[in-house]
Amino acid sequence: MTAVRRPAAVRPPGSLIELLEHRADLHPERPALHDDGRTLDFGTWRRRSAALAAGLLARGLRPGDPVALRYRSTEWTEYAVAYCGVQWAGGIAVPLSDRLAPAAAEHILGDCRAAGVLHAAAGPPPRLPGGVRADGSAEVEADGAAAARPAPPDPSADAQYLYTSGTTGLPKGVRATHANLVHGCTLDERRRPLRHSRTFLHGFPIGTNAGQTMLVNALNTAAAGVAVPHFTPLRFARLIEEHGVGSVFLVPATAIELLASPALSRCDLSSVRLVGSTAAALPQPVALRLSQVFDRAQIVNYYTSTEAAPAQVTLLYDPRRPDSPGLPAALDQLRITGPDGRVLPAGEPGEIWLRSSAPPRSYLGPTASDAEVFQGRWVRMGDIGVLDGDGYLHLLDRERDVVKSGAHKVSTLQVENALHAHPGVADAAAFGVPHPVLGSVVVAAVVPSDDALDPASLRAFLLDRLAAHELPARFLFRDALPRNEGGKVLKRELHQLLDGGTTS
């Protein structure tokens, strides 16, 4: 009997630079990323990033120097070259959106002690701390064009400082090593993710955790990435048709806008097999409508955070269970604990933690939050959730957003799900405000899609879906909800709007 010979295991890459070199060696002319009419293939990506790395070294960049990257959403290909070039030179890439307020950008540059800023047409931030120089990446790249390629970086060295979205205050830097960023990537061509897709499409901004995941996808998956410079429903739908997109990645805000647009009926969406949502909880009625519009696709909620990445829980949405974000593909990286840290059984709500198989991330510099968020390879998500008896995860709320009203705890996510079920509601957010007797009550900010929507009819609709203590005490009608560039609602700004909108 002849023994079956198994193929030898292929070791994982030690850095994104090693992965880029591998892909460029095998398929130099294969497209990796499309952006606003430009295409970056693997060979060009390697050549240009190596040249930029050599140019940075010639200008005196030292190992471990942070370099901020400020690029517009129309400059994804340029950003990809600069991101890998900084890491190839031994520097630490610090993504910096051009949409940041000057004060926030200045805070990040000072907090990480940036050695410099690279930019393209976006230009440098308007305020630079003393000693921080700004360079156009094209000039730096030209300086190193004739130099030899540097060696790949040490997997254990710091590779990236990514700043949190700052929904509750100043952004905090999160440190990641090369080994963390490349965890889950492969040098085995037979095991590339997204093999069902020729292309994948996203509209995530540069400088967000979701955007960084898409950059890694462009390096690692079988599909080429397509980045939307500025999201509009019609442009997004047309790109699906034009590129035969197999995988679509959204945040809830763009999903809501897409579903409300007539653009979906004008374009062929039949190529889509996967619709992934990330960055915030996807309202259940929105997930159900996505499954109806993209009827050949699996709807997936990707549950992670800047601190936990690359750890994530993939929640497979089941239209037969619309009350849950989905069934976790695996439970070994997820736990729900009580206040004492004890793991809770099914049916008991508690704090959600994710475990990373990669070298874990940490906050940049010692902070009081370190011990609260990072415990070995486990990362506290700041969410309250529960696993039911069938293994479905139910996200109850952000821990800080739970409204304590009288003797009850109200989930703002549950209130938002009920609001989104109303056909006249385009978007909605719930939050708590002080009350002299109950402690707090719920207020709902609503973006109507129907001019006929009024507080009385909306309250009557909610009576069948919410308990008395969950019903909003007031409604705030707005043309749009304030969101950060990652798509998360800025609830602190909603508090400030209470006196300026129509309420009831």
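Up top you'll find the structure we're talking about.
Along each chain, the written sequence defines residue order, and numbers are assigned to residues from 1. For this predicted model, a pLDDT threshold of at least 70 governs which residues receive local features, and a threshold of 80 or more governs which side-chain atom pairs are given and counted, while totals over whole chains, interfaces and linings are taken from all residues. With hydrogens and water set aside, each side-chain value is computed from the structure's full complement of heavy atoms.

What describes two packed helices is the angle between their axes and the distance between those same axes. Geometry is summarised by axes, namely lines fitted to C-alpha atoms with helices restricted to the contacting stretch, and by angles between N-to-C directions that run from 0 to 180 degrees. Only DSSP runs of H or I reaching four residues or more are called helices, and only runs of E reaching two or more are called strands; each is numbered from the N terminus. At a minimum axis separation of 12 Å, helix H3 (residues 76-88) and helix H7 (residues 209-220) run at an interaxial angle of 80°. Classed by the angle they form, the pair H3 and H7 counts as roughly perpendicular. Taking contact as the criterion, the partners of Trp76, Tyr79, Ala80, Tyr83 and Cys84 in H3 are, on H7, Gly211, Gln212, Leu215 and Leu219. By the convention adopted, Pro, Cys, Tyr, Trp, Phe, Met, Ile, Leu, Val and Ala count as nonpolar, Lys, Arg, Asp and Glu as charged, and the other residues, Gly among them, as polar. Looking at the contact of H3 with H7 residue by residue, the class counts come to seven nonpolar, two polar and no charged. An angle below 35 degrees is treated as roughly parallel, one above 145 as roughly antiparallel, one from 65 to 115 as roughly perpendicular, and anything else as oblique. Two residues form a contact once any of their heavy atoms are found within 4.5 Å.

In this section: the pattern of salt bridges. The term salt bridge refers to a pairing of a side-chain nitrogen on Lys or Arg with a carboxyl oxygen on Asp or Glu at a separation within 4 Å. Counting across every chain of the model gives 25 salt bridges. Between arginine 62 and aspartate 65 there is a salt bridge, and its shortest N-O distance comes to 3.4 Å. Think of it in three bands: with a 1.4 Å probe and only protein chains considered, a residue is buried below 20% of the maximum accessible area for its type, exposed above 50%, and partly exposed in between. Classification of aspartate 65 by relative accessible area gives buried; the value is 10%. For the salt bridge of aspartate 318 with arginine 320, the shortest nitrogen-to-oxygen distance reads 3.1 Å. Here aspartate 318 falls in the buried class, since its relative accessible area comes to 10%. Residue arginine 320 is classed as exposed on the basis of its relative accessible area, which comes to 72%. A network of salt bridges, in which partner residues are shared, links Glu21, Asp25, Arg46 and Arg149.

Below, the discussion takes up the environment of leucine 498. Tracing the backbone through its elements, the reader meets leucine 498 in the loop between helix H14 (491-497) and strand E27 (502-503). Residue class for leucine 498 comes out buried when judged on its relative accessible area of 11%. Taking C-alpha positions, leucine 498 is 35 Å from glutamine 292, a pair spaced 206 residues apart along the chain.

To continue, consider the nonpolar core. Only buried residues count toward a nonpolar core, which is a set of Ala, Val, Leu, Ile, Met, Phe, Trp, Tyr and Cys residues joined through side-chain atoms within 4.5 Å. With 55 residues, the main nonpolar core has Trp45, Leu69, Tyr83 and Leu118 as its most contacted residues. For this core, the secondary structure elements donating two or more residues are helix H1 (16-26), strand E1 (31-35), helix H2 (42-58), strand E3 (66-71), H3, helix H6 (178-182), H7 and strand E13 (298-303). For this core, the element with the most residues is H3, which contributes nine residues. Look past the residues within four positions of leucine 69 in its chain and what remains in contact with it is Tyr79, Ala82, Tyr83, Val86, Ala93, Val94, Pro95, Leu96 and Leu118. Of all hydrophobic cores here, the second largest spans 29 residues; its members include Val226, Val248, Leu264 and Ala297.

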